[in-house]
Amino acid sequence: MTGMTENTELCRMGEGRRLTLPDATVTALSTGAHAGGAYELFLVEAPRTEPPPLHAEPWAKSYHVLTGRILVRAGTEVHELAGGDTITVAAG
């Protein structure tokens, strides 16, 4: 991160803590510290592979697709998202 003050957190292109996972590279763009930990923001770069196992999270998630496509399953609903689409899924 380039800088953080009490009111702002700035992450320039190419910065941010990068994590390499089996199915994606994840870059932390915002730790949420300036928002009292209410949320975090990540850039997920994932090649077309088999999806991870179905799982639940104890927090809500939002996905905004920049390019490509993603399938998101929320309960019994399955949504295919493309570039420009956004979905938010409740915790659990």
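What counts and what doesn't
- All chains use their own residue numbering, which begins from 1 and follows the written sequence.
- Local features in this predicted model are restricted to residues of pLDDT 70 or higher, and side-chain atom pairs are both shown and tallied only at a pLDDT of 80 or more, whereas totals for entire chains, interfaces and linings draw on every residue.
- In computing side-chain values, all of the structure's heavy atoms are included and hydrogens and water are not.
- Take a side-chain nitrogen of Lys or Arg and a carboxyl oxygen of Asp or Glu: if they are within 4 Å of each other, that pair is a salt bridge.
- Labels follow the DSSP assignment, with helices taken as runs of H or I lasting at least four residues and strands as runs of E lasting at least two, numbered in each case from the N terminus.
- Any residue under 20% of the maximum accessible area for its type is buried, any over 50% is exposed, and the rest in between are partly exposed; the area is computed with a 1.4 Å probe on protein chains only.
- As a per-residue quantity, pLDDT reports the predictor's confidence and falls between 0 and 100.
- Side-chain atoms within 4.5 Å link the members of a nonpolar core, which is a set of buried Ala, Val, Leu, Ile, Met, Phe, Trp, Tyr and Cys residues.
- In this analysis, two residues are considered to be in contact whenever any of their non-hydrogen atoms come within 4.5 Å of each other.
- For two strands to pair, DSSP has to find at least two bridges joining them.

**Structural notes on the pattern of salt bridges**
A full pass over the atoms with the stated rule returns three salt bridges. Here Arg 18 and Glu 45 are joined by a salt bridge, their closest N and O atoms 3.7 Å apart. Linking Arg 18 in strand 3 (residues 17-21) with Glu 45 in strand 5 (residues 41-45), this pair joins segments that are 27 residues apart in sequence. For Arg 18, a relative accessible area of 52% gives the class exposed. Of the charged contacts in the structure, one is a salt bridge between Glu 57 and Lys 61, with a shortest N-O distance of 3.3 Å.

**Examining the confidence of the model for the protein**
Mean pLDDT over the protein stands at 85; residues scoring 70 or higher make up 93%. By mean pLDDT, the top-scoring element of the protein is strand 8 (residues 77-82) (94), and the lowest-scoring one is strand 1 (residues 3-4) (62).

**Looking at the nonpolar core**
Counting five residues, the largest nonpolar core consists of Val 65, Val 72, Leu 81, Ile 87 and Val 89. When sequence neighbours within four positions are dropped, the list of residues in contact with Leu 81 reads Tyr 63, Val 65, Gly 68, Arg 69, Ile 70, Val 72, Thr 86 and Ile 87.

**Regarding the pairing of strand 4 (residues 24-30)**
A large share of strand 4 lies buried, amounting to six of its seven residues. Sheet topology places strand 3 next to strand 4; five bridges connect them, and they run antiparallel. For Leu 21, the partnering residue across the bridge sits in strand 4 and is Ala 24. Alignment of strand 4 against strand 5, held across five bridges, turns out to be antiparallel. Counterpart to Ala 28 in the pairing with strand 5 is Phe 42.

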